[in-house]
Amino acid sequence: MDMMIDLFDWTLLYCNFKLFLLLNAANNNHHQLYCLQFLHAISSKNKNKNLLVNCDNKKSFQYSNLRTITKSMGRKVTVAISTLNQWALDFEGNLARILQSILEAKDMGASYRSGPELEVSGYSCEDHFREPDTYLHSWEVLLEIIMSPLCENMLIDVGMPVMHRNVAYNCRVIFLNRKILLIRPKMAMCDTDDYRESRWFTAWTKAFQTEDHFLPRMISQHTGQDVVPFGDAVIATKDTCIGYEMCEELWTIKSKHIDMSLSGVEIMVNGSASYWELRKSHILSDLVRTASLKAGGAYLYSNLRGCDGQRMYFQGCSNIAVNGEIVARGKQFSLQDVEVTLATIDLEQIRSYRVSQRSRCLMSASAPSYPRIICDFEMSTHNDIFKIASTPIQWPLHSAEEEIALGPACWLWDYLRRSGQGGFFLPLSGGVDSSSSAAIVHSMCRLIFQAVQAGDAQVLHDVRKILADQEYTPTKPADLCNRLLVTCFMGSVNSSIETKQRASSLANQLGSYHIDINIDTAINALLGIFISLTGLTPRFRSQGGCARQNLALQNIQSRIRMVLAYIFAQLMLWVRNRPGGLLVLGSANVDESLRGYFTKYDCSSADINPIGCISKTDLWKFLNYAKDQFNLPILESIIDAPPTAELEPLQDGQLIQTDEEDMGMTYAELNKYGRLRKQSCCGPYSMFCELVATWKSDLSPAEVADKVKHFFRCYAINRHKMTVLTPAVHAESYSPDDNRFDHRPFLYRANWSWQFKAIDNEVEKLQPFYTPCSTNIRPSSEDLLLSHGDTTQRTSHTDSKHSSPLSSPSMDVPGASTAAPITTTSALVGTGSGSLGSLPKKSSGYAKVHVNVLGKIKDRTGIPV
């Protein structure tokens, strides 16, 4: 007996030592973490007394209980789902994390392990899925997993791409004891929003059918199998039946779990790659819970986590539901690379739940049967009477402010540690946008500090690698922030003392390494070149210059800041006696990007942008949250300050430029436009019809028409900027990101002649029936025009932060062609700060000051709008 125990322990020792060597090679001497796991696994007692363990010498040892156990029908099974932070094409690292999840699942007593979608290759390989290498290396990784002694006597499925009869499929591969049982291809591709799966994969359309799949020779040589079933089938063990969905199949109208449940499948498994989006997580939990509620049974949902090489952040939230109740779940946001979530399921509860639904039983009796792959394996144990089935838990949901604090912070951490850079450089203006970016980095530092304090050796190793200091251990978040974040206030003669003080105070409270520079010397040098060549001196509007001169003088400030940001990012670590460089962070929010209210190739042209898909209104809420949660009192004054670019001269030390007045619309209106344009798929006419009803208590149809036309014209002439939009973590459902989320032209006919005429016709029909709800006397269009009389020149540059005269028409002729000049905005990203109350508004939050502007003012180049 002692000899058998020794042999078992040495076999487990061998298994873990191989995993230790693999992880060590993949992650550069992560000794502390894996030694702890190694020793823990050796000392653990195996819970399955009938475990058969094979060593490389092919000898088998059976450790059996000498006591006779009365056999009974198994009813309780322990299953594990994995949340993995994989990386596209990182086959070595992905393999290590998969094996670690299997080790943890086995050590926790699970007899079944499932993982997320395409976990072997990484989800975001994109066009690499057209390369034979990707399939070859995926099979190589699968072979390593199948042959690992860690996988003995555990039913396992992994996600990987498979080529079947010269067609690429997104698949789950299910195996047991070095034998592949089934390759199950995905049956519904996801092609909405950020997803483009049908570009690389084909949906399996042969329901309830399988075909023979000929295995690669490298697999056959080790498994002894030449062909395995490929298609729509289920796995039948001795005690239960398991079926598979994949990601989008849960979202489709006719989900496969309905047919599977009617065919007797008790455990439904879904490997997914669902990305984070603000206010989305409840949808995921509702779908999983409802699937098990309606069909009965257990639903196992495994999801990816983190940035695997794209703009998306996979949100985790792996969970297990039984009969309509969530019984186990993983974290939504975490720096943990591998998280295993466990649940014990009472199969008899599933059977009782189903048999009590008489209508379901009738449908099940006549339902078509799935092909069943017979698996000689028991997931339950004979002494499971002592196990306690998992009980329902509450599903905690983060607020939008918490999601902003956590999601982009985790994405930044993944990007930083995988980019090989030494930290971040952020132009800090003292406004809402750049302050939000800074607060998100600070949140990242807090998460890192908490993970290190909790003993996460992987995170500590990554921090030390980034900082090139193998002895460093963070003592507080501010200390870490000082090492990872360099902030810089780039002031000019047009900058106010208040913004400079706010930037300095925020940097001090965050703990960032802060510098303060003046850019006037560089601006004057470049202007000197222009003046010496042309003999002309451009002037600001307030100094008698025209709109084009005004814009050019603003643009040069913005673009110089971009140049300076990159030279400081490349050299600041050299100044601080550290190797490497810094990633430049941008701070353009989603509303300003949608409107085109940023400068092309200024500080918006950064390396990455943590707030690029977050609305201004949400950023105000986030800063209010961060002010209290992160103890940053200076954020109060930043929130209260009016949003401004500070690119025009001050008057008596006071600001004369505000973002909302420049844009000709409020941030609340932009938020509404964005959601209607993207989520509701509204063109100009449809948006007008929606807003006439929404804003009827505050605005007349004519006023709504003017607002809609103004937005669409500004959208059209600035759409080209989306082609160079800084990569940002996807967060908002109306993002204008041109890369893949928002596929629309970048060259438009900006007068929208046919569309705007349709609006005008509708206004004419509605005007006789329009009765203002307010008792206040409304100003007429002419009154509004006269009220702008003294500022006509000013309002002619409503996009003063956005335009480049180099791309404007050569003649300022009224009535000239209304084709849109391809313009460029000129705003320092992140300079805006303030609140929705910065301009007079009605109760709905929409400002009257911006109505009736279309056709009454000129754009920033002098052409009538």
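Parameters and conventions
- In this convention, every chain numbers its residues from 1, walking through the sequence in written order.
- Local features in this predicted model are restricted to residues of pLDDT 70 or higher, and side-chain atom pairs are both shown and tallied only at a pLDDT of 80 or more, whereas totals for entire chains, interfaces and linings draw on every residue.
- With hydrogens and water stripped out, all remaining heavy atoms of the structure feed into the side-chain values.
- The aromatic pairing rule takes the rings of Phe, Tyr and Trp, using the six-membered ring of Trp, and pairs them if the centres are within 6.5 Å, calling planes under 30 degrees apart stacked, those over 60 edge-to-face and the rest tilted.
- Here a strand is any run of E in DSSP of at least two residues, a helix any run of H or I of at least four, and the numbering for each starts at the N terminus.
- The rule is simple: take the accessible area with a 1.4 Å probe, protein chains only, and divide by the maximum for that residue type; under 20% is buried, over 50% is exposed, in between is partly exposed.
- Only the stretch in contact is used when a helix axis is fitted, and all axes are lines through C-alpha atoms; the angle between N-to-C directions ranges over 0 to 180 degrees.
- Roughly parallel here means an angle under 35 degrees, roughly antiparallel means over 145, roughly perpendicular means 65 to 115, and every remaining angle is called oblique.
- Here, residues are in contact when the closest pair of their heavy atoms is within 4.5 Å.
- Three classes are used, and their members are as follows: Ala, Val, Leu, Ile, Met, Phe, Trp, Tyr, Cys and Pro are nonpolar, Asp, Glu, Lys and Arg are charged, and the others, Gly among them, are polar.
- A score between 0 and 100, pLDDT records how confident the predictor is in each residue.
- Crossings are assigned a handedness: left-handed for a near helix turned anticlockwise from the far helix by less than a right angle, right-handed for a clockwise turn.
- Two strands make a pair as long as DSSP finds a minimum of two bridges between them.
- Joining through side-chain atoms within 4.5 Å is the link that ties buried Ala, Val, Leu, Ile, Met, Phe, Trp, Tyr and Cys residues into a set, and such a set is a nonpolar core.
- Orient the strands so they point away from the viewer; a crossover is then right-handed if the path from the first strand over the helix to the second runs clockwise.
- For this document, the term salt bridge refers to a Lys or Arg side-chain nitrogen within 4 Å of an Asp or Glu carboxyl oxygen.
- Under the convention used throughout, the expected extent of a helix is 1.5 Å for every residue step, that is, one less than its residue count.

**Considerations on the packing of aromatic side chains**
Then, in step 1: Enumeration according to the criterion identifies 23 aromatic pairs in this entry.
Then, in step 2: Ring geometry for Tyr 169 against Phe 230: centres 5.4 Å apart, planes inclined by 65°, an arrangement best described as edge-to-face. Pair noted here: Tyr 169 is in strand S6 (residues 167–176) and Phe 230 is in strand S9 (residues 227–231), with a separation of 61 residues, a long-range link. Across this residue pair, the class does not change: Tyr 169 and Phe 230 are buried.
Then, in step 3: Put simply, the rings of Tyr 673, Trp 695, Phe 711, Phe 712, Tyr 715, Tyr 748, Trp 752 and Phe 756 pair up and form one aromatic cluster.

**Quick word on the packing of helix H22 (residues 667–678) against helix H24 (residues 701–718)**
Then, in step 1: Running from N to C, H22 and H24 point in directions that differ by 75°, and their axes come no closer than 12 Å. Classified by the angle their axes make, H22 and H24 are roughly perpendicular. In this structure, H22 contributes Glu 669, Leu 670, Tyr 673 and Arg 677 to the contact, and H24 contributes Lys 707, Phe 711 and Tyr 715.
Then, in step 2: Tallied by class, residues from the contact of H22 with H24 come to four nonpolar, no polar and three charged.

**Observations concerning the confidence of the model for the protein**
Then, in step 1: Residues with a pLDDT of 70 or more make up 80% of the protein, whose mean pLDDT is 83.
Then, in step 2: This model gives residues 1–14 a pLDDT under 50, and the stretch forms 20 contacts once residues within four places in sequence are excluded.
Then, in step 3: Segment residues 28–72 is flagged for pLDDT under 50; beyond a separation of four residues in sequence, or across chains, it makes 78 contacts in the model.

**Some thoughts on the packing of helix H12 (residues 432–453) against helix H14 (residues 477–484)**
Then, in step 1: At their nearest, the axes of H12 and H14 sit 9 Å apart, and the two run at 120° to each other. One element, H12, and the other, H14, form an angle in the oblique class. In the packing of H12 onto H14, the handedness of the crossing is right-handed. Packed against H12, whose contacting residues are His 442, Met 444, Cys 445, Arg 446, Ile 448 and Phe 449, the element H14 presents Pro 477, Leu 480, Cys 481 and Leu 484 at the interface.
Then, in step 2: When the residues that make up the contact of H12 with H14 are grouped by side-chain class, the tally is eight nonpolar, one polar and one charged.

**Remarks on the sheet that holds strand S12 (residues 267–272)**
Each strand in a sheet pairs with another by means of backbone hydrogen bonds, the pair being arranged parallel or else antiparallel.
Then, in step 1: As summarised here, the arrangement of the seven strands in space is S17-S16-S13-S12-S11-S10-S19, forming an open sheet in which the pairing is mixed. Pairing within the sheet leaves two strands with one partner each, and these edge strands are strand S17 (325–329) and strand S19 (372–374). Strand after strand, the sheet turns through a mean of 25° between neighbouring axes, direction not considered.
Then, in step 2: Where strand S10 (residues 234–236) meets S19, three bridges bridge the pair, whose relative direction is parallel. Residue pairing across strands places Val 234 opposite Arg 372, the latter belonging to S19.

**What about the nonpolar core?**
Then, in step 1: By size, the foremost hydrophobic cluster in this structure holds 96 residues, and its most contacted members are Leu 412, Phe 424, Met 444, Ile 448, Leu 484, Met 687 and Phe 711.
Then, in step 2: Listed in part, the 39 residues of the second largest apolar core include Ile 102, Leu 103, Met 147 and Leu 215.

**Here we look at the pairing of strand S22 (residues 513–518)**
Then, in step 1: Inspection of the sheet shows strand S21 (residues 485–491) paired to S22 by six bridges, in the parallel sense. Its bridge partner lying in S22, Met 490 is registered against Ile 517.
Then, in step 2: For the handedness criterion, the β-α-β arrangement of S21, helix H15 (residues 497–510) and S22 is classed as right-handed.

**Some thoughts on the environment of Pro 642**
Then, in step 1: Inspection of the secondary structure puts Pro 642 in the loop between helix H20 (635–640) and helix H21 (659–663).
Then, in step 2: Residue classification places Pro 642 among the partly exposed residues on the basis of a relative accessible area of 36%.
Then, in step 3: For the pair Pro 642 and Leu 655, spaced 13 residues apart in sequence, the C-alpha separation works out to 9.3 Å.

**A look at the pattern of salt bridges**
Then, in step 1: Scanning the model with the defined rule gives 34 salt bridges in all.
Then, in step 2: Here Glu 732 ties to Arg 675 by a salt bridge, and the two come within 3.0 Å at their closest N and O atoms. Residue Glu 732 is found in the loop between H24 and helix H25 (753–766), and its partner Arg 675 is found in helix H22; the two are separated by 57 residues along the sequence.
Then, in step 3: When its relative accessible area of 2% is taken as the criterion, Glu 732 is described as buried.
Then, in step 4: For Arg 675, a relative accessible area of 22% puts it in the partly exposed group.
Then, in step 5: One salt-bridge network, held together by shared partners, links Arg 113, Glu 119, Asp 157 and Arg 172.

**Quick word on helix H3 (residues 91–107)**
Then, in step 1: Between its first and last C-alpha, H3 extends 24 Å over 17 residues, near the 24 Å set by a 1.5 Å rise per residue.
Then, in step 2: Among the 17 residues in H3, 13 count as buried, and that is most of the element.
Then, in step 3: Note on H3: the residue one or two positions beyond its end, Gly 109, has a positive phi of about 95°.

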